[in-house]
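What follows is each chain in one-letter form.
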Amino acid sequence: MGNRELVRVLCRQVDRYLYHMRLSDDVLLDVMARFQAEMVKGLGRDTNPTATVKMLPSFVRSLPDGSEKGDFLAVDLGGSQFRAHQVKVFDDGKQSSQLESKFYPTPKEVIQGNGAELFDYVADCLLDFMETKNLKHKKLPLGFTFSFPCKQAKLEEGVLLAWTKHFKVRGVQDTDVVSSLRKALSKHKDIDVDVLALVNDTVGTMMTCGYDDQRCEVGLIIGTGTNACYMEEMRHIDLVEGDEGRMCINTEWGAFGDDGALDDLRTEFDRELDLGSLNPGKQLFEKMISSLYLGELVRLILLKMTKEGLLFNGKASTALLTKGKIEMKHVSAMEKYKEGLSNTKEILTELNLIPSEEDCIAVQHVCTIVSFRSANLCAAALAGILTRLRENKKLLRMRTTVGIDGGLYKTHPQYAKRLHKVVRRLVPNCDVRFLLSVSGSGKGAAMVTAVAYRLAAQRKQIDATLAPFLLSLETLREVKNKMRTELEYGLKRETQASATVKMLPTYVCGTPDGTEKGKFLALDLGGTNFRVLLVKIRSGRRRSVQMYNKIFAIPLEIMQGTGEELFDHIVQCIAEFLEYMGIKGARLPLGFTFSFPCRQASIDKGTLVGWTKGFKATDCEGEDVVDMLREAIRRRNEFDLDIVAVVNDTVGTMMTCGYEDPNCEIGLIAGTGSNVCYMEDMKNIEIVEGNEGKMCINTEWGAFGDNGCIDNIRTKYDKEVDEGSLNPGKQRYEKMTSGMYLGEIVRQILIDLTKQGLLFRGQILESLRKRGIFETKFLSQIESDRLALLQVRRILQQLGLDSTCEDSIIVKEVCGAVSKRAAQLCGAGLAAVVEKKRENQGVEHLQITVGVDGTLYKLHPHFSRVLQETVKKLAPQCDVTFMLSEDGSGKGAALITAVAKRLHNIGQK
């Protein structure tokens, strides 16, 4: 029999004997699925207490981004030796770092003694290290690598759940190891060390590799113990508050199977090994994988084969009968490619065995099967993590990097190659790079500390940037009182001319009473679109409103051309509509919604005070818009209309709601612009003759603050937005509260944060320089609670902003601060108006309805809620109902026209 043949025959015999240890891909895929189920259990709030795979949150929320810098210390406890490190991180654009380390032994009496002694030993070693490195005079942040399962509630604490591997120290379980270390360090008065982070060695490995490769989001240890960590979406981590961003989860996968989930795969040798270990029944997955146990498994198999007469002529030596006599280093040596057989012979001879050539071949094959099974199981669980990452990202294919450390992976001749091959077979849709970590637990702990250091500093800067947007109740009350003062100025004859809040009379003197009927035309000009409507109103039992409309665009060159061109364009649109509806011959009453500040002398006369919202047509300001419309109709000479009323969209909004609810006496627009109108007692309106009844006042409150009265709450960003706008110095309140400007404020803040190096890696991207890229709809989308950060990133990508997860969180926070302030300021203004209404009526408690329109109010996820809460707090004696208006500028204009016709007819009688 040739040598090759002999090897083949012997290997087949061993294969049959160890049949249960040889796992097919189908079995591995099954293990992968079981592990994924365990991960889900560990992440769930209700299932975590009974889960074996603990999925511990590490409170490490972000990977290094290359801007970390400084001097850090790290100590590392949990492997075969105790280590102290000094890490220097340079922010030189090359992402370089320097590491100096010292190794200390871990004597058995320390790692199996009592807690106080253990931490004193760690502190003594650190002191020695600082002395040799001449660091005693410095205050340095320290990262503590502690390679055991800990429950963390923050980065700088960790309660030990259980000792594993070869450690068993009394009095430490269920206590916080960071405070124990701090206590031990405090005995040394001559060193000043700040323990900033507790890090699991697995997390440290991921962080070290993450510093070199931004794609690294999995850490893997295969050494004395085995474990893995990865970046999980916060929304899946029930045990930690918040849904934003990601956090590293330390799976503690060594305990996979402790509930019996892997019993069908465990062999008699696994059971025997477990019974003889320091922690029977625990870490069963680890006991099939890590280097602490593989040598022992090999010994147990060889012993049984010998007893059955299959090896060494049935003669076992004392050494073979002794626990721990075969170690991982022996297994590695025996599996070496060329000298493996001679190594095997040498090792067996040292164990006082007399091996034949056949024995050596068989023993070598036993080692192969045991270590190959380890790599297989490891690959299956890792494949589970990779699949979960890919599904979290909703990708069909994923590129990622796994950072790896551990003696078994590094020193075993075949292990790494086998592991990579099996992983690629199990998850063909993941392109995985395996990156060997250099001193992961030391440099990694320093990295986590450095990132924590960076994030704390960044948090401070972000808070400082957004602080001016946080308004106290006191400040909001001040805003309400100032608004009240300005409202009064606008109504008084002697102050009206100089008042910033113009309080324009609209000559709308009644709300609908339900008897309105007929056909009316309505025009609606106030934004980038222009609408023409035909409105049919029925009264009586079959009360209804039917509407037909057509929308026309207004090109920029017309918005900013001459007044004649603008009104000719409007008349051309009307002509098209009348033709389209087939009503060109009828002289219909028309209501003209003109959503710009107008001074009215009667209901059908409106002089434009000044353009807002991007309009700039010449020769219009100071002119009567009704006259300009009549002139344009005359110039066209095709049809005639009875122009009954000039209407502001805010008034239209109030009228539409008033048609449904007679209690509606306030109109609010919170959209592109911001404005309010309300029914004021005639006796308070000094600039209009007569004291009987009420008239609707269009406050034009967007100009509130143009006299500087709210400068104390304007931020530098508000000033930048104002200076860059079409009408600097005007409409200051509107610029803090309306949709047209909020995105601009956000953009200015983002530019500032980027300049501070807190966003987009400090690079101001081209698209961020463009005015107006942040439309209000983006704010609404970004702040929607249902949106995962992934979608926020997608929105930012559409805007040409390539953002990381952390960037997205910050952008969302900025949007939130800006829109919350807008809603609060708007609420403070509205509170002033409802309080005035209450005092007008002379009642203790006021019940009133506000008709509201505008995209910001309707579409933004939080604006309406914050606005309503603010009004409630600032005007507690008013019970305010908010009613959404259905088409105030169209239907509202028709209703005003109808009410005006009705009142006009009464007047004529």
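The structure presented is a predicted model; accordingly, all values stated were derived computationally and were not measured.

### Here we look at the pattern of salt bridges
Counted under the stated rule, the structure contains 62 salt bridges. Of the charged contacts, one joins Asp76 and Arg83 as a salt bridge, the two residues approaching to 2.7 Å between their closest N and O atoms. For Arg83, a relative accessible area of 21% translates into the label partly exposed. For the salt bridge of Arg373 with Asp270, the shortest nitrogen-to-oxygen distance reads 2.7 Å. Of this pair, Arg373 sits in helix α11 (residues 357-392) while Asp270 is found in helix α7 (residues 268-275), placing the two residues 103 residues apart along the sequence. Across the pair, exposure class does not vary: Arg373 and Asp270 are buried alike.

### Remarks on the sheet that holds strand β23 (residues 674-681)
Pairing is mixed in the open sheet, where 6 strands are placed in the order β14-β24-β23-β22-β25-β26. Looking at the sheet topology across the chains shown, the edges are occupied by β14 (504-505) and β26 (878-884). Here β23 pairs with strand β24 (residues 694-698) via 5 bridges, running antiparallel. Directly across from Asp681, in β24, lies its bridge partner Lys694. Each of β22 (664-670), β23, β24, β25 (846-853) and β26 is contacted by helix α20 (residues 649-660), which is oriented at about 135 degrees to β22, the strand it contacts most.

### What about the sheet that holds strand β16 (residues 529-538)?
Spatial ordering of the open sheet is given by β17-β16-β15-β18-β21, a layout of 5 strands whose pairing is mixed. Whereas interior strands pair on both sides, the edge strands pair on one side only; in this sheet they are β17 (544-553) and β21 (642-647). Each adjacent strand pair in this sheet contributes to an overall mean axis angle of 20 degrees, direction not counted. Of the pairings in the sheet, the one linking strand β15 (residues 518-525) to β16 comprises 8 bridges and is antiparallel in character. By the bridge assignment, Leu523 is partnered in β16 with Val532.

### Side note on the pairing of β22
Burial of β22 is extensive: 7 of the 7 residues sit out of reach of the surface. Note: β22 against β23, 5 bridges, orientation antiparallel. Bridge pairing in β23 places Ala670 opposite Ser674. Where β22 hands over to β23, the hairpin turn is made up of 3 residues, counted between the paired strands.

### A look at the packing of aromatic side chains
Counted according to the given criterion, the structure contains 24 aromatic pairs. The interplanar angle of 85 degrees and the centroid separation of 5.8 Å between the aromatic rings of Trp253 and Phe285 together place this pair among those described as edge-to-face. Separated by 32 residues along the polypeptide, Trp253 in the loop between β11 (246-250) and α7 and Phe285 in the loop between α7 and α8 (291-307) bring together distant segments of the chain. When its relative accessible area of 0% is taken as the criterion, Phe285 is described as buried. Of note, Lys165 hangs over the ring of Phe148, and the distance from its end group to the ring centre comes to 4.8 Å. Positioned above the aromatic ring of Tyr580 is the side chain of Lys550, whose terminal nitrogen or guanidinium carbon lies 4.6 Å from the ring centre.

Cut-offs applied
- Residues numbered from 1 in each chain as written.
- Predicted model: local features only at pLDDT ≥ 70, side-chain atom pairs only at ≥ 80, totals over all residues.
- Heavy atoms only, no water.
- Salt bridge = Lys/Arg side-chain N within 4 Å of Asp/Glu carboxyl O.
- Buried < 20%, exposed > 50% of the residue type's maximum accessible area, 1.4 Å probe, protein only.
- Helix = DSSP H or I, 4+ residues; strand = E, 2+ residues; numbered from the N terminus.
- Pairing = 2+ DSSP bridges.
- Contact = heavy atoms within 4.5 Å.
- Axes fitted to C-alpha atoms, helices over the stretch in contact; angles between N-to-C directions.
- Phe/Tyr/Trp six-rings, centres within 6.5 Å; stacked < 30°, edge-to-face > 60°.
- Lys NZ or Arg CZ within 6 Å of the ring centre and 35° of its normal.

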